Amino acid sequence: MAYPNTGDDHGWHMHHSLQAMADPTTAASLVNVTKRYRAITALDDVSLDIRAGEAVAVLGPNGAGKTTAVGLLLGTLRPDAGHVRVLGGDPTRRRCRQRIGAMLQISGVPTTLRVREHVDLFRSYYPAPLDHETIIAAAGLGGLEHRLYGKLSGGEKQRLHLALALCGKPDILFLDEPTTGLDVESRRALWEEIRAVIDAGRTVVLTTHNIEEADALADRIVLLDRGKIIASGTPAEIKRATAGSRISAVTTVETCAIGKLPGVTKVHRDARRTEILASSPEPVVRALLGMDHDLKDLEVTRTTLEEAFLTLVRPTTGAARSDGPAYEDSRT
Amino acid sequence: MNAAAAIVRTYWLESKLEFLKNLRLPVFSLSTLLFPVMFYLMFGLAFGGGPIGSVPRPLYFAVAYSAFGVVGACLFGFGANVATERGQGWMLLRRAFPAPPFAYFVAKMFMATAFSLAIIVILLVLAVLAGGASLGFADLARVVPLLLAGTLPFSAMGLALGYLCGPNSAPAVINLVYLPMAFAGGMWIPLEFLPSTIQAIAPYLPTYHYAQLALGGVGAGDGDVAGHLVVLGLVTVACLACASVFYYRKP
């Protein structure tokens, strides 16, 4: 299967997902799901399969539809079209929800209750909850059991939310932007806890706009932009399938001509330099040198996953995703 | 059996934690408990004076300010709390978990009733100890249930306000509803001492019916227990209807 997957092959997706619904290895699926908020289409005919035991990062900029996707999978939202299945059931049902754990983006719990009290309350929602000490240890909250929620630091609060998500020994865990707003140190500490949950074999779906987080935690990255899945693959595949190198030079060759060169995914020119993202640099460099004998200051570097991500989600022309490169010309 | 016990345990935990949560919130617990006590000490005890109708002044005001306190505990306990928790995302979080939705309301009802009972006990004890009122077991068995009957309509009203208001405006809106309604309903000063226009408005206020109902428990008020109960029952239904309209109107 070729990555990145464009979101255009709906027929294939539908066929695949309907098969997958009966497949015990599918933990959760969205099948041709559309969700609108008045004039805004938050998710546009999205199909997504999460396999059991998989750690999937749904990566996208703000407003891409990540939180909507999680809301649908959690059963707090209902789709306008399509189907949502989680663990073979309907997540709006309590029975199904008892097997799901979640960390929400907006999740203010009462500030004047203690860590221990919150955990006890949430444990009481499940017939066979995880025992208290295991939850506290897994979330790294040892020594904070008697602290009021309102007195916890940002990172500790998120750890409490992780603890609440673990209370019911969930078969699948949804983490909606778990580390947003945390400083680097707290973020990395929370990653350790999340990684331990993933390593224990739980199915985890996390949303993030932080590429580093997706790279650090996920087996598979699903890129979501403006309500559509624009790519899906392992972090390595995403890197490989998108621009592999950045070429930078001072040249007079027109950006649209560069865009037509093989493997070019993005061209950007400012007042002085031209920057090109390309899957492999050699043919592009060869062609450039052939077209412009005065080309100067040539530099070739490997792109980061961050750049690959930006290439995919923020093309300046609409045609730039899989069927053509993006042009960006900021000369005045 | 086991499942039933688990549900009972969840409801108990929700109720207990709802009470603790509010008790630890001085802005709620102190104002809810201390305002009626302070008003009673100032206007019910310090002023002195003769009986109101046939009821000794300390006893009359202990009941009137208890009713005032119960209304406050319910309006703020439900209204301000629901508005804040909607704003915080607590409701949304609960919906993402298998938290029993009804337990949320039962817990708040328990909490509002517990605070109401605390106010009633404090004021009646003050009436006996500081005001020299005589209260037998039979009197208590009559007046305490009538006072607690107010928790239903005013919790429902608080719920409606909680769904109507935003988290920041809720306390102000509730005060604007609560204080004038308590005053014009005869909870601060007996109705016969109020201007005739207010006396004419009073029967349209739920606080009037509640005050009259509770005062009936100590032989004051107009004694129409059934009539006031019917009005308060209608108020409860109307407020619950409004609450559900406001709830579904919200995106």
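Model, not experiment: these values are computed from the prediction. (Residues numbered from 1 in each chain as written. Chains lettered and ligands numbered in written order. Predicted model: local features only at pLDDT ≥ 70, side-chain atom pairs only at ≥ 80, totals over all residues. Heavy atoms only, no water.)

Caption draft 1: How the structure looks around helix α3 (residues 57-88) of chain B. All names here are of chain B. Under the 1.5 Å per step criterion, the end-to-end length of α3 is 45 Å for 32 residues, consistent within 8% with the ideal 46 Å. Within α3, 29 of the 32 residues are buried, which leaves it mostly tucked inside the rest of the structure. One or two steps after α3, the chain reaches G89, where phi turns positive at roughly 90 degrees. (Helix = DSSP H or I, 4+ residues; strand = E, 2+ residues; numbered from the N terminus. Expected span 1.5 Å × (residues − 1). Buried < 20%, exposed > 50% of the residue type's maximum accessible area, 1.4 Å probe, protein only.)

Caption draft 2: The arrangement of the sheet that holds strand β7 (residues 203-208) of chain A in detail. Residues and elements named next belong to chain A. Across the sheet, six strands lie side by side as β5-β6-β7-β3-β8-β9; this open sheet has mixed pairing. Two strands bound the open sheet, and with one partner strand each, they are β5 (100-103) and β9 (228-233). Taking the axes of each pair of neighbouring strands and ignoring which way they run, one obtains an average angle of 15 degrees across the sheet. One ladder, built from four bridges, connects strand β3 (residues 55-59) with strand β8 (residues 220-225); its direction is parallel. Following the sheet pairing, L59 is matched in β8 by L223. (Pairing = 2+ DSSP bridges. Axes fitted to C-alpha atoms, helices over the stretch in contact; angles between N-to-C directions.)

Caption draft 3: Region of the structure containing the pairing of β8(A). All names here are of chain A. Across the six residues of β8, six count as buried, placing the element largely inside the fold. Along β8, one buried face is formed by R220, V222 and L224 and the opposite face, lined by I221, L223 and D225, is buried too. Sheet topology note: the β8/β9 ladder contains five bridges and is antiparallel. If you follow V222 over to β9, its bridge partner there is S232. Counted between consecutive antiparallel strands, the loop separating β8 from β9 contains two residues, among which R226 sits at a positive phi close to 45 degrees.

Caption draft 4: Structural view of the packing of aromatic side chains. Scanning the model with the defined rule gives 23 aromatic pairs over all chains in all. Judged by centre distance (5.9 Å) and plane angle (90 degrees), the rings of F39(B) and F43(B) are edge-to-face. With F39(B) and F43(B) both in helix α2 (residues 26-46) and four residues apart, the pair spans about one turn of that helix. The exposure class assigned to F39(B) is buried, which follows from its relative accessible area of 15%. Owing to a relative accessible area of 33%, F43(B) belongs among the partly exposed residues under this scheme. Aromatic pair F39(B) and F68(B): ring centres 5.5 Å apart, planes at 5 degrees, arrangement stacked. Of this pair, F39(B) sits in helix α2 while F68(B) is found in helix α3, placing the two residues 29 residues apart along the sequence. Taken together, the ring pairs in this structure connect F35(B), F39(B), F43(B), F47(B), Y60(B), F61(B), Y65(B), F68(B), F76(B), Y178(B), F183(B) and W188(B) into an aromatic cluster. Over the ring of Y149(A) we find K157(A), and its NZ or CZ is 5.4 Å from the ring centre. (Phe/Tyr/Trp six-rings, centres within 6.5 Å; stacked < 30°, edge-to-face > 60°. Lys NZ or Arg CZ within 6 Å of the ring centre and 35° of its normal.)

Caption draft 5: Structural context of the nonpolar core. Judged by nonpolar contacts, the single largest core of 156 residues is most densely connected at L30(A), V86(A), V119(A), F122(A), L160(A), I172(A) and Y210(B). Per element, the largest residue contribution to this core is 19 residues, and it comes from α3(B). Contacts of V119(A), omitting those with residues within four sequence positions, involve H132(A), I135(A), I136(A), L160(A), A163(A), L164(A) and C167(A). (Core = buried A, V, L, I, M, F, W, Y, C linked by side-chain atoms within 4.5 Å. Contact = heavy atoms within 4.5 Å.)

Caption draft 6: Broad picture of the interface of chain B and chain A. Every contact between the two is made by 21 residues of chain B and, on the other side, 26 residues of chain A. When chain B packs against chain A, the two sides together hide about 2400 Å² of surface, and 66% of this comes from carbon and sulfur. Its largest share of buried area at the contact with chain A, chain B owes to R24(B), F97(B) and P98(B), together 29% of the area lost on that side. A per-element tally of the side of chain B that touches chain A places helix α1 (residues 2-23) of chain B first, with seven residues. Residue composition of the side of chain B that touches chain A, grouped by class: twelve nonpolar, three polar and six charged. (Buried area = accessible area lost by both parts, 1.4 Å probe. Nonpolar A, V, L, I, M, F, W, Y, C, P; charged D, E, K, R; others polar.)

Caption draft 7: Representation of a nonpolar patch on the surface in the model. All names here are of chain B. Taken together, the side chains of F35, M38, M42, F43 and F47 make up a nonpolar region of the molecular surface, amounting to roughly 490 Å² of accessible area. Relative to the assigned elements, M42 resides in helix α2. Given the relative accessible area of 37%, M42 is considered partly exposed. (Patch = residues over 30% accessible without salt bridge, like charges linked within 9 Å, V, L, I, M, F, W, Y side chains within 5 Å. Areas by Shrake-Rupley, 256 points an atom, 1.4 Å probe, with all protein chains shown as cover. Salt bridge = Lys/Arg side-chain N within 4 Å of Asp/Glu carboxyl O.)

Caption draft 8: Representation of helix α10 (residues 206-216) of chain B within the structure. Residues and elements named next belong to chain B. Counted residue by residue, α10 has ten buried out of eleven residues, so it is predominantly covered. Buried within α10 are the following residues: P206, T207, Y208, H209, Y210, A211, Q212, L213, A214 and L215. Structurally, α10 contributes buried residues whose contacts are with α3, α6 (137-149), α7 (151-164), α8 (170-184) and α11 (225-249).

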